[in-house]
Amino acid sequence: ASAGVSSSNSAFSGGSLFCGTDLSKWPSISFTVTSSSQEKFTMSVPPQHYMESFVQNGKTCYLLRVSDGSSTNLVGTPLLNTYYAYFNKNSNSVSFAEIAGCGSQPSGPP
């Protein structure tokens, strides 16, 4: 843990707890996807969607969940909190659209 940040995995399985940190200094997490036509586009998830906030002992703390304790990484929920996803069973495809006000949008072809 760095100065001003406490980290603990014991209280939260599959996550790390950070207290006394400034969420605005955390980066967005970007996912680059290649379409079936080989075009690439990037979707970004801001920290307020991958960090869970709460107050502990009078301090604002954030929980970073990246795993459910198994070998699985949990990236679907933050991504789907930032973008609408349309699953088209007929064409076997998935489309994404930004949710208004989320501060992030895909770059690349529509």
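Now for a quick tour of the structure. Model, not experiment: these values are computed from the prediction.

1. Some words on the overall build of the protein chain
- The secondary structure content of the protein chain amounts to two helices and seven strands.
- Contacts in the protein chain between residues far apart in sequence, at least 24 positions, make up 42% of those at least 6 positions apart.
- In the form shown here, the protein chain has an accessible surface area of approximately 7300 Å², with 51% of it arising from carbon and sulfur atoms.

2. With respect to the nonpolar core
- The biggest cluster of nonpolar side chains holds eleven residues, and these are Phe-18, Leu-23, Phe-41, Met-43, Val-45, Tyr-50, Met-51, Tyr-62, Leu-64, Leu-79 and Tyr-83.
- When residues of this core are traced back to their parent elements, those giving at least two are strand E3 (40-45) and strand E5 (59-65).
- Top contributing element to this core by residue count: E3, with three residues.

3. Some words on unusual backbone geometry
- A positive phi angle is found at Gln-38, which is not glycine, with a value near 70 degrees.
- You can see Gln-38 is positioned in the loop between strand E2 (29-34) and E3.
- The exposed category is assigned to Gln-38, whose relative accessible area is 61%.
- Here the phi dihedral of Asn-57 falls at roughly 55 degrees; this positive angle occurs in a residue that is not glycine.
- Within the element layout of this structure, Asn-57 appears in the loop between strand E4 (51-56) and E5.

4. Considerations on the state of the cysteines
- By the definition in use, this model includes one disulfide.
- The residue that forms a disulfide with Cys-19 is Cys-61, at a sulfur-sulfur distance of 2.0 Å. Since a negative S-S torsion denotes a left-handed disulfide, the Cys-19-Cys-61 link at about 105 degrees is right-handed. Residue Cys-19 is found in strand E1 (residues 15-19), and its partner Cys-61 is found in strand E5; the two are separated by 42 residues along the sequence. Judged on exposure class, the residue Cys-19 and its partner Cys-61 are both buried.

Calculation notes
- Residues numbered from 1 in each chain as written.
- Predicted model: local features only at pLDDT ≥ 70, side-chain atom pairs only at ≥ 80, totals over all residues.
- Heavy atoms only, no water.
- Helix = DSSP H or I, 4+ residues; strand = E, 2+ residues; numbered from the N terminus.
- Contact = heavy atoms within 4.5 Å.
- Areas by Shrake-Rupley, 256 points an atom, 1.4 Å probe, with all protein chains shown as cover.
- Core = buried A, V, L, I, M, F, W, Y, C linked by side-chain atoms within 4.5 Å.
- Buried < 20%, exposed > 50% of the residue type's maximum accessible area, 1.4 Å probe, protein only.
- Disulfide = S-S within 2.5 Å.

So yeah, pure geometry; function would need other evidence.
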